[in-house]
Amino acid sequence: MTTIIDGKAIAADVRAKIAQAVSTMQSQHNVQPALAVVLVGDDPASHVYVRNKGIATEKAGMKSIEHRLPVGAAEDDVVSLVRELNADDTVDGILVQLPLPEHISSSRVINEIDPDKDVDGLTEVNAGRLILGKEGLVPCTPQGSVIMAKTVRPNLSGLHAVVVGRSILVGKPLSMLLLAENCTVTMAHSRTADLPAVCREADILCAAVGIPRLVKGDWVKKGAIIIDVGINRIEEQGKTRLVGDVDFDAAKENASAITPVPGGVGPMTIACLLRNTVIAAARRRGLGAVDV
Ligand code: NDP
């Protein structure tokens, strides 16, 4: 029997732990963690994401702060706002919603964020800490992917993990996290020779590409764990559907466990953002480790 890894249920568990940790922080230390989100412009999808993050933050008992700037805001204005949030002691996490309007350098703005408040884990400092194995804040989607894999196989040590995709947002940090779990990691990408053969070697196969159903059923080794990060909108039989980077129906015949799309890695991303906010709050305020 193939296990369908239920991202909604796992995310609900993570959120329940976070709410518990927040409640303890409040009762024992009179601290309410706060997440500030900066949104520039009027991209409708970004507005939906920011609203959902705000609702999830408040549901977990944390304070949600939103700063909206007009599409024409100058890069320096966004940088000034980030610096103000860095200096504000009541703010534990800062997230700048991407993409930013084209005239603004995302790299400059992101790297202005205090690394200890960088709950998206996207600053160069946190990327460096991840590679060096130092304590930092880790990007949310890769972290969620590893948490999901560990629900079916708590000890990943010694497994061969193949990560298809080498983006800064997903593929690279995911590879580093799997390496930290003592997996033997292969990073595959658009120039990989014979991708099917590489995938067939995987005990854990992670796909973060953005091509609907790229990974076929016969690319999957018997018993492999599949983490499908892809979210692709396609038209099929007159309907719009969300599908992953893995051909789910065919792959699940060979896999021992697989994440569905939707309902897999997606729900874990916001849960891990909240998790990072609580972790950042505890570290910054010297409250010790939190069990999330
Ligand atoms: P990017 O476009 O930044 O990176 C895609 C990667 O896939 C690149 O490394 C690219 O290789 C590689 N690639 C492209 N074509 C092929 C191919 N034919 N064979 C093998 N590798 C290929 O995407 P992201 O990493 O940002 O996102 C990947 C997917 O994950 C998307 O579907 C996105 O929507 C989804 N996603 C889901 C999230 C969630 O919450 N679940 C969050 C973030 C992303 P190269 O470097 O050689 O160009």
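Everything below is about the structure shown above.
Residues numbered from 1 in each chain as written. Predicted model: local features only at pLDDT ≥ 70, side-chain atom pairs only at ≥ 80, totals over all residues. Heavy atoms only, no water.

Chemist: In this structure, what is going on with the overall build of the protein? I would like to understand it.
Modeler: Secondary structure summary: the protein contains ten helices and eleven strands in total. Expected size for 292 residues packed as a compact globule is a radius of gyration near 19 Å; at 19 Å, the protein falls within 12% of this value. If one aligns the C-alpha atoms of the protein with their principal axes, the spans along those axes are about 55 × 45 × 35 Å. For the protein, the residues scored as buried account for 49% of the 292 residues in total. Within the protein, residue pairs in contact and separated by at least 24 positions form 68% of the contacts whose partners lie at least 6 positions apart. The average position of the 31 basic charges and that of the 34 acidic charges among the side chains of the protein differ by 4 Å. (Helix = DSSP H or I, 4+ residues; strand = E, 2+ residues; numbered from the N terminus. Rg over C-alpha atoms; globule rule 2.2 N^0.38 Å. Buried < 20%, exposed > 50% of the residue type's maximum accessible area, 1.4 Å probe, protein only. Contact = heavy atoms within 4.5 Å. Lys, Arg positive; Asp, Glu negative; His and termini not counted. Charge placed at Lys NZ, Arg CZ, Asp CG, Glu CD.)

Chemist: Explain the sheet that holds strand β5 (residues 160–164) here, please?
Modeler: Note: strands within a sheet are paired through backbone hydrogen bonds, in either parallel or antiparallel orientation. Judged by pairing direction, the sheet is parallel, and its six strands sit side by side in the order β1-β11-β8-β7-β5-β6 without closing on themselves. Lying at the two open borders of the sheet, with one neighbouring strand each, are β1 (3–4) and β6 (184–188). Bridge analysis of strand β8 (residues 225–228) against strand β11 (residues 257–258) gives two bridges, and the strand direction is parallel. Considered in β11, the bridge of Ile-225 is made with Ala-257. Sitting on the sheet, helix α6 (residues 140–152) is in contact with β1, β8 and β11, with an inclination near 155° to β8. (Pairing = 2+ DSSP bridges. Axes fitted to C-alpha atoms, helices over the stretch in contact; angles between N-to-C directions.)

Chemist: Is there a simple way to think about the pattern of salt bridges in this case?
Modeler: Opposite charge on two side chains permits pairing when their charged atoms draw close. Considering all chains together, one arrives at 13 salt bridges under this definition. The residue Asp-92 makes a salt bridge to Arg-284 at a minimum N-O spacing of 2.6 Å. Remark: Arg-284 occurs in helix α10 (residues 265–284) and Asp-92 occurs in the loop between α3 (75–87) and β4 (93–96); sequence separation between them is 192 residues. By relative accessible area, Arg-284 is classed as partly exposed at 26%. Glu-236 is the salt-bridge partner of Arg-241, the closest N and O atoms lying 2.8 Å from each other. On the basis of relative accessible area, Arg-241 is assigned to the partly exposed category, the value being 40%. Accessibility expressed as a relative area gives 22% for Glu-236, which makes it partly exposed. Salt bridges here are not isolated pairs; linked through shared partners, they connect Asp-89, Asp-92, Arg-284 and Arg-285. (Salt bridge = Lys/Arg side-chain N within 4 Å of Asp/Glu carboxyl O.)

Chemist: Mind showing me how you'd approach the site of the ligand here?
Modeler: Lining the immediate environment of the ligand, one finds 22 residues, of which Arg-166, Ser-167, Ser-190, Ile-231 and Thr-269 sit closest. The backbone of Ile-231 places a nitrogen or oxygen atom 3.1 Å from an oxygen atom of the ligand. When the ligand sits alone it has 930 Å² of accessible area, and the protein chains cover 69% of it. Sorting elements by how many residues they give to the shell around the ligand places α10 first, with three residues. The residue inventory of the shell around the ligand, partitioned by class, reads eleven nonpolar, ten polar and one charged. (Near = heavy atom within 4 Å. Polar contact = N/O pair within 3.5 Å; in protein donor to acceptor, adjacent residues only side chain to side chain. Areas by Shrake-Rupley, 256 points an atom, 1.4 Å probe, with all protein chains shown as cover. Nonpolar A, V, L, I, M, F, W, Y, C, P; charged D, E, K, R; others polar.)

Chemist: Sorry if this is basic, but what is going on with the nonpolar core here?
Modeler: Considering soluble globular proteins, one finds that nonpolar side chains tend to be buried as a cluster. Ile-18, Leu-178, Ile-227 and Met-268 are the most contacted members of the largest nonpolar core, which totals 54 residues. In this view, Ile-18 contacts Ala-60, Met-62, Ala-271, Leu-274, Arg-275, Val-278 and Val-292; residues no more than four positions away in its chain are not counted. Membership of the second largest hydrophobic core comes to 20 residues, among which are Ile-65, Val-79, Val-96 and Leu-100. (Core = buried A, V, L, I, M, F, W, Y, C linked by side-chain atoms within 4.5 Å.)

Chemist: What's the story with the side chain of Thr-123 in this structure? I'm lost.
Modeler: As for its position among the elements, Thr-123 is in the loop between α4 (106–112) and α5 (124–132). Here Asp-118 takes part through its side chain, which lies 2.7 Å from a polar atom of the side chain of Thr-123. Not counting residues within four places of it along the chain, the set of residues in contact with Thr-123 comprises Ile-110, Asn-111, Ile-113, Pro-115 and Asp-118.

Chemist: Would you take a moment to explain helix α7 (residues 171–180) for this structure?
Modeler: Helical geometry note: an α-helix holds 3.6 residues per turn, so side chains three or four residues apart project in the same direction. Every buried residue of α7 is listed here: Gly-171, Pro-173, Leu-174, Ser-175, Leu-177 and Leu-178. Those residues of α7 that are buried lie in contact with α5, α6, β5, β6 and β7 (204–207). The positive-phi residue at the C-terminal boundary of α7 is Asn-182, with phi of around 70°.

Chemist: Sorry, what's going on with the sheet that holds β4 here?
Modeler: Overall, parallel pairing links the three strands, which are arranged β3-β2-β4 in an open sheet. Edge positions in the open sheet fall to β3 (63–69) and β4, since each of these has one partner strand only. Ignoring which end each strand starts from, the neighbouring axes of this sheet average 15° apart.

Chemist: Is there a simple way to think about the packing of helix α1 (residues 7–29) against α10 in this case?
Modeler: Packing of α1 against α10 brings their axes to within 9 Å, and their N-to-C directions diverge by 20°. When the interaxial angle is binned, α1 and α10 end up roughly parallel. Both α1 and α10 take part in a crossing whose hand is left-handed. Contacts between α1 and α10 involve Gly-7, Lys-8, Ile-10, Ala-11, Val-14, Arg-15, Ile-18, Ala-21, Val-22 and Met-25 on the former and, on the latter, Pro-267, Met-268, Ile-270, Ala-271, Leu-274, Arg-275, Val-278, Ala-281 and Ala-282. Classifying every residue of the contact of α1 with α10 gives 15 nonpolar, one polar and three charged. (Parallel < 35°, antiparallel > 145°, perpendicular 65-115°, else oblique. Left-handed = near helix turned anticlockwise from the far one by under 90°.)

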